[in-house]
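One-letter residues, chain by chain:
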Amino acid sequence: MLDTSEGYVTEDGRQIGGVLMEMRDITLKFGGVTAINDISFDIREGEIRAIIGPNGAGKSSMLNIISGFYTPTIGELWYKGAKRPPMKPFEVARMGVARTFQNIALFEGMSVLDNVMTGRLTHMKAGVFSQALWWGKARDEEIANREKVEKVIDFLEIQNIRKTPVGRLPYGLKKRVELARALAAEPSILLLDEPMAGMNVEEKEDMSRFILDVNDEFGTTIALIEHDMGVVMDLSDRVVVMDYGKKIGDGTPDEVRGNQDVIDAYLGVSH
Amino acid sequence: MLYRTAGQFKTSYEADQALFPVKQDAFLLGIIMLFALVIFPLTASEFAFQTMLIPVMIYALAALGLNILTGFAGQLSLGTGAFMGVGAYACYKMVTLMPWMNPIVAILLSGFFSAGVGVMFGIPSLRIKGFYLAIATLAAQFFLVWLFEKWAWLYNYNASGAIQVPNLDIFGVYVTGPQADSMVQYYVVLGIVALMTMLCINLTRGTLGRTWKATRDMDIAAELIGINLMKSKLTAFAISSYIVGVAGALYVFMWKGAAEPNLFDIPLSFQVLFIAIIGGLGSVLGNYLGAILIVGLPVVLNLLPGALGLSISSAMVEHLNIMIVGSLIVFFLIVEPHGLNQLWRLIREKLIIWPFPH
Ligand SMILES: Nc1ncnc2c1ncn2[C@@H]1O[C@H](COP(=O)(O)OP(=O)(O)O)[C@@H](O)[C@H]1O
Ligand SMILES: [Mg+2]
């Protein structure tokens, strides 16, 4: 397996840094169901890390642990060199973890612009009185953050639907708006839960390009879940393979592809 | 052509965030302000002040307060009447304990009491949602009205159990009590309601507004993108209850002149809720439209038969009113859940492209 202890250089020549987040011996149980069974892996600075595996393998549960939505039954999560204490999801978000969801979770009653602006909420600190008067800090923040949001909107090419209520958008665009909302937070790590599920080929290509561009332009660390092996092989630097809550593979796409356990899991040969 | 926006380009985000990005809106508001500030007060009869102008403002404010909580933050409340009561009783205690106090200051301060009580009864919203929360606020409604009855200190041990608004002046001009002039009271109400509306417009279009709407639309996602749900819900309860409390103080001090505990009972809660629903949940303007309709309807129903030479008993008018309001509620819930505000927006959109629909 690739030795990653000191960071590494990818095939396409990007320098990957030290460990940003590390899962140590994570187990997650729901009553009798063991969704995640003693899994360890790390995510490195600047890397695109994929988590793959069949349905029900525990991938979303892993992202939910990283988001602070689930607390692991056993195990530790290390982030930026420190063990993370138990935290509420909103506190995790404020530490620079942003995400999208397997089932789109946009705010349906708001416009695209307002949805993306909610991604900036963790950066906005003006008090109630300043907001009520629309004066001073609140007004300055509103303008400064609007500029940032417009950059994200340009980046993801959704300028022309800026003022559209998200409820009216087609599925593929909703996925993109959700990415915009997460990006607007300027996260240290971006978690994407099946960003391409349900998309047609063209939409998948667009989304792949955006993911690569985000990583390239902002150096954002990305952890993504994806079903489509082909997409994963193209996008990711390293891959964790899960099956029935266990880790059955971890390494570069090539290494993983040659792993017999992984081939079996994907072909459904043996469990 | 009336609402032509072509040629009005935004050159900065600041301009795009202005209150009236379309000039015609500012113009329309100017006309409304002219009527509200000059034409109505100069031409209105005592009857018009008492049956329309003053109550429309006060009900609109109460509905605005409820709308913050229910329409923007998505937390249903059935206790608005009781929270208005908290504001009214707080105001009454302040001006009777400290008769030197400026009555407008007292009205504005009374909102803080209802805000405190509102936050207390808002705590269950951290655990329960929807129907169950509505029932919890209904419990608050019953409890508070019971308290208004049983806690004699609140009404200064009056034998009648009611509170009477005293004559209070500012620089020699009476603004509350039997001696106050309706026009003066109207201006005080207008000033306070306009101020509150401004503050609410700002709150709902900024950070807090987005926090509330996110909480309303999908609370789990809201929390995962960094929103502290507890803070979001409790600020909504606090600010909503503040406004509702001020509306309650105005309701008694600027309009009713006296109040018994049952004035704040469930019918008042529902009346305000109906205004918010018919006007449009999640809107500011809608509360005014809803209040005009709900307050104006019985007035029109009372006057219309006479004008047409018919004679209809007042009981019949009452029944007609209930039937029409009931049908409107059903109509709006089914056909246009965003209420009159949405109808206005559709008309406005049509006017913007009129007369060239493409
Ligand atoms: N909140 C929950 N309560 C009970 N079981 C759950 C919960 N979330 C996930 N699971 C179970 O954990 C397992 C892994 O689910 P999930 O993480 O969604 O898989 P994946 O995303 O890989 O398809 C499944 O068996 C699922 O039923
Ligand atoms: Mg999943």
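Bear in mind the structure is a predicted one, so any value in this text is a computation, not a measurement. (Residues numbered from 1 in each chain as written. Chains lettered and ligands numbered in written order. Predicted model: local features only at pLDDT ≥ 70, side-chain atom pairs only at ≥ 80, totals over all residues. Heavy atoms only, no water.)

Visitor: Before we go on, may I ask you to explain the sheet that holds strand β3 (residues 19-30) of chain A in this structure?
Guide: Hydrogen bonds between backbone atoms are what pair the strands of a sheet, whose relative direction is either parallel or antiparallel. In spatial order, the strands read β4-β3-β6-β7 (chain A); together these 4 strands make up an open sheet with antiparallel pairing. Two strands bound the open sheet, and with one partner strand each, they are β4 (33-44) and β7 (82-83) of chain A. (Pairing = 2+ DSSP bridges. Helix = DSSP H or I, 4+ residues; strand = E, 2+ residues; numbered from the N terminus.)

Visitor: Whenever I open this one, the domain arrangement of chain A confuses me. Can you help?
Guide: Accessible area lost on assembly of the parts is the figure often given for the size of an interface. All names here are of chain A. Entries for chain A in the domain assignment read domain 1 (1-96 + 189-271) and domain 2 (106-186). With centres defined by C-alpha atoms, the gap from domain 1 to domain 2 works out at 27 Å. Opposite the 18 residues of domain 1 that make contact, domain 2 presents 11 residues. Here domain 1 and domain 2 share an interface that buries about 1,200 Å² over both sides, 74% of which is from carbon and sulfur atoms. Its largest share of buried area at the contact with domain 2, domain 1 owes to L190, M207 and F210, together 36% of the area lost on that side. At the boundary of domain 1 with domain 2, the tally comes to 2 salt bridges. (Domains from an automatic or database assignment. Contact = heavy atoms within 4.5 Å. Buried area = accessible area lost by both parts, 1.4 Å probe. Salt bridge = Lys/Arg side-chain N within 4 Å of Asp/Glu carboxyl O.)

Visitor: Mind showing me how you'd approach helix α13 (residues 314-335) of chain B here?
Guide: What sets the pattern is the α-helix's 3.6 residues per turn: residues three or four places apart point alike. Residue and element names in this part refer to chain B. The terminal C-alpha atoms of α13 lie 31 Å apart, and with 22 residues this matches the ideal 32 Å at 1.5 Å per residue to within 8%. Of all the residues in α13, the buried ones are V317, N321, V325, I329 and F332. Projected onto a plane normal to the axis of α13, the buried residues spread over an arc of 110° and lie on a single side. Exposed and oriented more than 90 degrees from the buried face of α13 are M323, I334 and V335. The inward-facing, buried residues of α13 abut α11 (266-279), α12 (285-307) and α14 (339-353). (Expected span 1.5 Å × (residues − 1). Buried < 20%, exposed > 50% of the residue type's maximum accessible area, 1.4 Å probe, protein only. Arc of directions from axis to C-beta.)

Visitor: Looking at this structure, I do not really get the pairing of strand β10 (residues 221-225) of chain A. What am I missing?
Guide: The side chains of a regular strand alternate, first on one face of the sheet and then on the other. Residue and element names in this part refer to chain A. Within β10, 5 of the 5 residues are buried, leaving the element largely enclosed by the surrounding structure. On β10, burial covers both faces: T221, A223 and I225 on one face and I222 and L224 on the other are all buried. Bridging between strand β5 (residues 48-52) and β10 involves 4 bridges; their strand directions are parallel. Bridged to A50 within β10 is L224. You can see the chain leave strand β9 (residues 189-193), run along helix α7 (residues 201-218) and come back into β10, and the turn it takes is right-handed. (Right-handed = clockwise from strand over helix to strand, strands pointing away.)

Visitor: How should I be thinking about the interface of chain B and chain A in this particular structure?
Guide: Between chain B and chain A, the contact holds 29 residues from the first and 34 residues from the second. Interface area, chain B with chain A, both sides summed: about 3,100 Å², of which 63% is carbon and sulfur. Interface area lost by chain B to chain A is led by Y13, R210 and L224 of chain B, which between them contribute 25%. Taken together, the connections running from chain B to chain A amount to 2 salt bridges. Across the pair D114 of chain A and R210 of chain B runs a salt bridge, and its minimum N-O distance is 3.0 Å. Our count for the chain B to chain A interface comes out at 7 residue pairs in polar contact (both at pLDDT 80 or more). (Polar contact = N/O pair within 3.5 Å; in protein donor to acceptor, adjacent residues only side chain to side chain.)

Visitor: Sorry if this is basic, but what is going on with the site of ligand 1 here?
Guide: Residues and elements named next belong to chain A. Residues in close proximity to ligand 1 include F30, A35, N55, G56, A57, G58, K59, S60, S61 and Y70, which together make up its full environment. In the environment of ligand 1, an oxygen atom lies 2.8 Å from a nitrogen or oxygen atom belonging to the backbone of G56. Burial of ligand 1 by the protein amounts to 63% of the accessible area it has alone, namely 560 Å². For the shell around ligand 1, the element with the most residues is helix α1 (residues 59-66), which contributes 3 residues. (Near = heavy atom within 4 Å. Areas by Shrake-Rupley, 256 points an atom, 1.4 Å probe, with all protein chains shown as cover.)

Visitor: It is not clear to me how the pairing of strand β6 (residues 74-79) of chain A should be interpreted in this structure. Could you clarify?
Guide: All names here are of chain A. As paired strands, β3 and β6 are joined by 5 bridges and run antiparallel to one another. Residue pairing for β6: M21 is matched across the bridge by Y79. With antiparallel pairing between neighbouring strands as the criterion, β6 and β7 make up a hairpin whose turn holds 2 residues, including K80 at a positive phi of roughly 50°.

Visitor: It is not clear to me how the packing of helix α5 (residues 103-122) of chain B against helix α10 (residues 229-256) of chain B should be interpreted in this structure. Could you clarify?
Guide: Geometry of a packed helix pair, given as the angle between the helix axes and the separation of the axes. All names here are of chain B. Contact geometry of α5 with α10 gives a least axis separation of 6 Å together with a crossing angle of 135°. As far as their axial angle goes, α10 and α5 are oblique. The crossing of α5 and α10 is right-handed. For the pair α5 and α10, the contacting residues are I107, L108, S110, G111, F112, S114, A115, G118, V119 and G122 in the first and L234, F237, A238, S241, Y242, G245, V246, A249, L250, F253 and M254 in the second. (Axes fitted to C-alpha atoms, helices over the stretch in contact; angles between N-to-C directions. Parallel < 35°, antiparallel > 145°, perpendicular 65-115°, else oblique. Left-handed = near helix turned anticlockwise from the far one by under 90°.)

Visitor: What should I look at first to understand helix α8 (residues 207-217) of chain B in this one?
Guide: α8 of chain B sits mainly inside the fold: 9 of its 11 residues count as buried. Regarding α8 of chain B, the residues found buried are T207, L208, G209, R210, T211, W212, K213, A214 and T215 of chain B.

Visitor: Honestly, the coordination of the magnesium ion (ligand 2) in this entry has me stumped. Any pointers?
Guide: In a perfect tetrahedron of four donors around a metal, the angles come out at 109.5 degrees. In a perfect octahedron of six, they are 90 or 180 degrees. Looking at the magnesium ion (ligand 2), the protein donor atoms are S60 of chain A (OG) and Q102 of chain A (OE1), and they sit 2.0 to 2.2 Å from it. Remark: Q102 of chain A occurs in the loop between β8 (97-99) and α3 (112-118) and S60 of chain A occurs in helix α1; sequence separation between them is 42 residues. (Donors = N, O, S within 2.8 Å, 3.2 Å for Na, K, Ca; no water.)

Visitor: What's the story with the packing of helix α7 (residues 182-205) of chain B against α10 of chain B in this structure? I'm lost.
Guide: Residue and element names in this part refer to chain B. α10 packs onto α7 with a crossing angle of 170° between their chain directions and a minimal axis gap of 11 Å. By the angle between their axes, α7 is roughly antiparallel relative to α10. Contacts between α7 and α10 pair Q185, V188, V189, I192, V193, M196, C200 and L203 from the former with I239, Y242, I243, V246, L250, F253 and M254 from the latter. Taken together, the residues of the contact of α7 with α10 sort by class into 14 nonpolar, 1 polar and no charged. (Nonpolar A, V, L, I, M, F, W, Y, C, P; charged D, E, K, R; others polar.)

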